[in-house]
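One letter stands for each residue in the lines below.
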Amino acid sequence: MHPLMKRISFLSVLLLLLFSSCGTSNALRSSGIGRVKTYDFYHAEIPDSFDGFRIAFASDFHYKSKYKEKDLNSTVELLHRLQPDVLLMGGDYQEGCEYVEELFARLGEIKPRFGTIGVMGNNDYERCHEEIVTA
C-alpha cells in the first residue's frame with residue numbers, strides 16, 4: 001500500500017435477525033448481534049482529517065419482537081467499545097410504538113463524535129413514524 005493512502009473503517013453491526021456469526025471476533029461477539037464486520041477503505045484522496053475515521057452501521061433492531069432488552073444492552077455496550085466517529089442507523093427500529101422511546105433512549109447513550117444519522121425502514125413507515133421522528 002502506498003504510504004500516502006489514508007484509511008476509513010466501516011464497522012457493520014449486523015443484528016439478531018441475521019443469525020450469523022461468521023467473521024465475528026470473539027471479543028466483539030455479543031448477545032443479539034449476528035455479526036460485526038470491519039471494512040477498511042484506503043485511498044490517497046481521503047483528506048488527512050479522515051484518516052482512521054470510524055463509521056458504525058446498525059440496522060433492523062425490530063425491538064422487542066426477537067430483539068430484546070438484553071440484546072439492546074449488549075449492542076449499546078458494543079457500540080461504546082467500537083468508538084465510532086459517526087453512527088449510521090438503517091431503520092426497522094421497532095415492533096411496537098410503545099418500545100420506541102426506550103429504544104432511542106438507550107441508543108442515545110452512544111455519543112459518536114460526529115453524531116448519529118438514521119433513516120426509516122419499511123416497518124417505520126407502516127407504524128410509529130411520528131414517534132420515531134420525535135424520539
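Up top you'll find the structure we're talking about.
Residues numbered from 1 in each chain as written. Predicted model: local features only at pLDDT ≥ 70, side-chain atom pairs only at ≥ 80, totals over all residues. Heavy atoms only, no water.

Chemist: Help me out: how do you make sense of the pairing of strand 3 (residues 53-59) in this one?
Modeler: On any regular strand, side chains alternate: one points to one face of the sheet, the next to the other face. Of all seven residues in strand 3, five are buried; the element is thus mostly enclosed. Considered for its hand, the β-α-β crossover made up of strand 3, helix 1 (residues 69-82) and strand 4 (residues 86-89) is right-handed. (Buried < 20%, exposed > 50% of the residue type's maximum accessible area, 1.4 Å probe, protein only. Helix = DSSP H or I, 4+ residues; strand = E, 2+ residues; numbered from the N terminus. Right-handed = clockwise from strand over helix to strand, strands pointing away.)

Chemist: Explanation requested: the pattern of salt bridges in the structure shown.
Modeler: Pairs can form between side chains of opposite charge once their charged atoms are near each other. What the rule picks out here adds up to seven salt bridges. Ionic pairing is found between Lys6 and Asp48, a salt bridge with its closest N-O pair at 3.7 Å. With Lys6 in strand 1 (residues 6-15) and Asp48 in the loop between strand 2 (33-43) and strand 3, this residue pair connects regions lying 42 residues apart in the sequence. Judged by its relative accessible area of 63%, Asp48 falls in the exposed class. Note that Arg113 is salt-bridged to Asp85, the shortest N-O span being 2.9 Å. Separated by 28 residues along the polypeptide, Arg113 in the loop between helix 2 (100-107) and strand 5 (116-118) and Asp85 in the loop between helix 1 and strand 4 bring together distant segments of the chain. (Salt bridge = Lys/Arg side-chain N within 4 Å of Asp/Glu carboxyl O.)

Chemist: Sorry if this is basic, but what is going on with the packing of aromatic side chains here?
Modeler: How two aromatic rings sit relative to each other is given by the distance of their centres and the angle of their planes. Taken as a whole, this structure holds nine aromatic pairs when the rule is applied. An angle of 40° between the planes, with centres 5.6 Å apart, marks the rings of Phe53 and Phe114 as tilted. In this pair, Phe53 sits in strand 3 while Phe114 sits in the loop between helix 2 and strand 5, placing the two residues 61 residues apart along the sequence. Grouping aromatic residues by their ring pairs yields a cluster made of Phe61, Tyr63, Tyr67, Tyr93, Tyr99 and Phe104. (Phe/Tyr/Trp six-rings, centres within 6.5 Å; stacked < 30°, edge-to-face > 60°.)

Chemist: What am I meant to see in the nonpolar core here?
Modeler: It is characteristic of soluble globular proteins that their nonpolar side chains tend to be buried jointly. Membership of the largest hydrophobic core comes to 23 residues, with the highest contact counts inside it found for Phe61, Leu103, Phe104 and Leu107. For this core, the secondary structure elements donating two or more residues are strand 3, helix 1, strand 4 and helix 2. Per-element tally for this core: the top contributor is helix 1, with five residues. Not counting the four nearest positions on each side in its chain, Phe104 is found in contact with Met89, Tyr93, Ile132 and Ala135. Residues Ile8, Ile46, Phe53 and Ile55 belong to the second largest nonpolar core, which totals five residues. (Core = buried A, V, L, I, M, F, W, Y, C linked by side-chain atoms within 4.5 Å. Contact = heavy atoms within 4.5 Å.)

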